[in-house]
Amino acid sequence: MPLYLDPDELRGTPGPHLDLIGAMAFRAAGAAQRLGVFEALLGGPLPVADLAARTGTGPAGLVVLLDALVSFGYLERAPGPAYANSPMAADLLDRRAPWTYAPALAFWQDLLAELWDGLEESVRTGRPQADFYAWLEERPDTLADFQAMLDGMAAARAPLVAEAVPDPGERLLDLGGGHARHSIALCRAHPRLTATVVDLPNALAGGRARVAEAGLGDRVTLLPGDLAEVDLGSGYDTALLFNLCHGFDEAGNRALFKRVAGALRPGGRVLVLESFADLPPGTPAAAEAFVRAFSLNLAVTQGGRIHAFGEVAGWLADAGFGGIERRPLQGTDELLVARLEAP
Ligand SMILES: C[S@@+](CC[C@H](N)C(=O)[O-])C[C@H]1O[C@@H](n2cnc3c(N)ncnc32)[C@H](O)[C@@H]1O
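Every value quoted in this text rests on a predicted model; they were computed, and no experiment measured them.

**Concerning the overall build of the chain**
Moving on, step 1. Helix and strand counts for the chain stand at 15 helices and 9 strands.
Moving on, step 2. Its C-alpha atoms give the chain a radius of gyration of 22 Å, near enough to 20 Å, the size a compact globule of 343 residues would have.
Moving on, step 3. Reported as C-alpha extents along the three principal axes, the dimensions of the chain are approximately 75 × 45 × 35 Å.
Moving on, step 4. The 343 residues of the chain split such that 47% are buried.
Moving on, step 5. Long-range pairs, those at least 24 residues apart, make up 65% of the contacts in the chain with a sequence separation of at least 6.
Moving on, step 6. A distance of 4 Å separates the average location of the 28 positive side-chain charges in the chain from that of its 43 negative side-chain charges.

In structure tokens, the structure reads:
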């Protein structure tokens, strides 16, 4: 969290107390975002009265939130007296910026507030307490934030993926590829390539706009539907399963891999992008903590988890894939590459 402590203060403060502050700071930052505080301050510092008028709040309540946000590192005091976005907030929470944390902050606020209540029950039963994608479909704003967050992360990965896939063939299947970022990048890099992006109907909204913007409507087809049921077609050279397997348990992944094997030509390749539970050596503590927390989130919200590389490789081998390789991509993101063996 943006509460920067020197090593002595860090050692002298109980860990759960720091977590308590972090939980309240996260909630307060989410409230400020929903009220429009960071957005109102993008034009420069404002006195409390002006900020209250801009955000439809009362100055007495607002000032308590603002003072808390100053100590959490989101805001600063400015002459006037006034309040300003801190450099961190100005840098990370501006929705107009090409890379922004704003959709992630909004999405995780909604998710933790609404779906983590059943955590203990999930741990007791080993079953999820929610249907994450059904929940998202009922919340268009949260779904838009979720897809914008994924799109931002994919934009950073797309050049690395394009480099890692120098020969995708001529037909690409992008499963759960909603924002279409990877299909677009690969079609741009390979002029003979066409792509089919499969995702849930409303998750394709961003992809539809992006494909039109890229002028690739004749080469990128968007196929709405549940990937467990929709007709995927056949004869593809390459299938992308990016950040998808973690949403399913073993049975779900085995069923998915069978469908992928049915859609690829013999010798076709599958690329699985994931963080694996057996993390790369030297993974920094914050990155490891996020992967473990994310796995917990998957368990409570959709019955998935972060799987180990060997588990995924084993399910793929059982579905007829061979030549399985593990390649680093970026941070904890890795690629599993496998070929469909001839029957
Ligand atoms: C975590 S996101 C990954 C998105 C993208 N592949 C990436 O790496 O940026 C998972 C995607 O799979 C889609 N998805 C999940 N379950 C699905 C299902 N049963 N049928 C179709 N799409 C699904 C979601 O809507 C979402 O777009």
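**Overview of unusual backbone geometry**
Moving on, step 1. Backbone torsion omega between G80 and P81 reads -5°, so that peptide bond is classified as cis.
Moving on, step 2. Within the secondary structure layout, P81 lies in the loop between β1 (75-78) and β2 (82-85).
Moving on, step 3. Here the phi dihedral of A180 falls at roughly 65°; this positive angle occurs in a residue that is not glycine.
Moving on, step 4. For A180, a relative accessible area of 0% gives the class buried.
Moving on, step 5. The phi dihedral of N243 falls on the positive side, at around 55°, and the residue is not glycine.
Moving on, step 6. Summarising the element assignment, N243 is placed in the loop between β6 (236-242) and α13 (250-263).

**Description of the UniProt feature "domain: O-methyltransferase dimerisation" (unreviewed entry) in the chain**
Moving on, step 1. UniProt's feature table lists "domain: O-methyltransferase dimerisation" (unreviewed entry) at residues 23-93, given in the numbering used throughout.
Moving on, step 2. Strand forms 11% of residues 23-93 and helix 63%; the C-alpha atoms that close the span are 18 Å apart.

**Considering helix α11 (residues 181-189)**
Moving on, step 1. Of all the positions in α11, only H182, S183, I184, L186 and C187 are classed as buried.
Moving on, step 2. Each element contacted by the buried residues of α11 is listed here: α10 (140-164), β3 (171-175), β4 (194-199), α12 (205-213), β5 (220-224) and β6.

**Section: the site of the ligand**
Moving on, step 1. Close contacts around the ligand come from 15 residues, with G176, H179, D199, F242 and N243 the closest.
Moving on, step 2. One of the side-chain nitrogen or oxygen atoms of D226 is found 3.1 Å away from a nitrogen atom of the ligand.
Moving on, step 3. Within the backbone of F242, an N or O atom sits 2.8 Å from a nitrogen atom of the ligand.
Moving on, step 4. Summarising the interface, the protein chains cover 93% of the accessible area of the ligand, which totals 600 Å² for the free molecule.
Moving on, step 5. Grouping the constituent residues of the shell around the ligand by class yields 7 nonpolar, 6 polar and 2 charged.

**Observations concerning the layout of surface pockets**
Moving on, step 1. Its volume calculated, the second largest pocket comes out at about 280 Å³.
Moving on, step 2. Together, 14 residues line the second largest pocket, and Q33, R34, E39, R95 and A106 are the ones closest to its centre.
Moving on, step 3. Mapped onto the lining of the second largest pocket, the elements with two or more residues apiece are α2 (15-35), α3 (37-40), α7 (102-115) and α10.
Moving on, step 4. With 3 residues, α7 is the largest single contributor of residues to the lining of the second largest pocket.
Moving on, step 5. Per-class residue counts for the lining of the second largest pocket are 5 nonpolar, 2 polar and 7 charged.

**As for the domain arrangement of the chain**
Moving on, step 1. Partitioning the chain into domains gives domain 1 (7-93) and domain 2 (113-340).
Moving on, step 2. Between the C-alpha centres of domain 1 and domain 2 there is a distance of 35 Å.

**Things to note about the packing of α7 against helix α14 (residues 285-302)**
For any two helices packed against each other, one specifies the crossing angle of their axes together with the interaxial distance.
Moving on, step 1. Axis separation between α7 and α14 bottoms out at 11 Å; the angle between their running directions is 50°. Comparing their axes, α14 and α7 come out oblique. In this structure, the crossing between α7 and α14 has a hand that is left-handed. Counting all contacts with α7, which are made through W108, L111 and L115, the residues of α14 involved are F290, F294, N297, V300 and T301.
Moving on, step 2. Its residues assigned to classes, the contact of α7 with α14 comprises 6 nonpolar, 2 polar and no charged.

**Digging into the sheet that holds strand β8 (residues 321-330)**
Moving on, step 1. Pairing within the open sheet is mixed, and its 7 strands lie in the order β5-β4-β3-β6-β7-β9-β8. A single partner strand is all that each edge strand has here, and the edge strands are β5 and β8. Recorded for the sheet is a direction-independent mean angle of 20° between the axes of neighbouring strands.
Moving on, step 2. Where β3 lies against β4, 5 bridges are found, and the strand directions are parallel. Within the sheet, the bridge partner assigned to L175 lies in β4 and is V198.
Moving on, step 3. Strands in contact with α13 are β3, β6, β7 (264-275), β8 and β9 (333-340); relative to β7, the strand with the most contacts, it is inclined by about 140°.
Moving on, step 4. Contacting β7, β8 and β9, helix α15 (residues 309-318) runs over the sheet at an angle of about 150° to β8.

**Looking at the pattern of salt bridges**
Moving on, step 1. Across all of its chains, the model carries 22 salt bridges by this definition.
Moving on, step 2. For the salt bridge of D318 with R254, the shortest nitrogen-to-oxygen distance reads 2.9 Å. Residue D318 is located in helix α15, and its partner R254 is located in helix α13; the two are separated by 64 residues in the primary sequence.
Moving on, step 3. Its relative accessible area of 58% is what places D318 among the exposed residues.
Moving on, step 4. Across the pair E288 and R292 runs a salt bridge whose closest N-O atoms are separated by 3.2 Å. With E288 and R292 both in helix α14, this residue pair falls 4 residues apart, about one helical turn.
Moving on, step 5. With relative accessibility at 36%, the residue R292 sits in the partly exposed group.
Moving on, step 6. Bridged by salt links that share partners, the residues D151, R181, R210 and E213 form one connected network.

Criteria and thresholds
Residues numbered from 1 in each chain as written. Predicted model: local features only at pLDDT ≥ 70, side-chain atom pairs only at ≥ 80, totals over all residues. Heavy atoms only, no water. Helix = DSSP H or I, 4+ residues; strand = E, 2+ residues; numbered from the N terminus. Rg over C-alpha atoms; globule rule 2.2 N^0.38 Å. Buried < 20%, exposed > 50% of the residue type's maximum accessible area, 1.4 Å probe, protein only. Contact = heavy atoms within 4.5 Å. Lys, Arg positive; Asp, Glu negative; His and termini not counted. Charge placed at Lys NZ, Arg CZ, Asp CG, Glu CD. UniProt positions renumbered as here; feature names shortened; annotations may be inferred. Near = heavy atom within 4 Å. Polar contact = N/O pair within 3.5 Å; in protein donor to acceptor, adjacent residues only side chain to side chain. Areas by Shrake-Rupley, 256 points an atom, 1.4 Å probe, with all protein chains shown as cover. Nonpolar A, V, L, I, M, F, W, Y, C, P; charged D, E, K, R; others polar. 1 Å grid on protein atoms, 1.4 Å probe; cavity = no way out; pocket = protein on both sides within 12 Å on 5 of 7 lines; lining within 4 Å. Points joined across faces, edges and corners; volume = space filled by probe spheres on them. Domains from an automatic or database assignment. Axes fitted to C-alpha atoms, helices over the stretch in contact; angles between N-to-C directions. Parallel < 35°, antiparallel > 145°, perpendicular 65-115°, else oblique. Left-handed = near helix turned anticlockwise from the far one by under 90°. Pairing = 2+ DSSP bridges. Salt bridge = Lys/Arg side-chain N within 4 Å of Asp/Glu carboxyl O.

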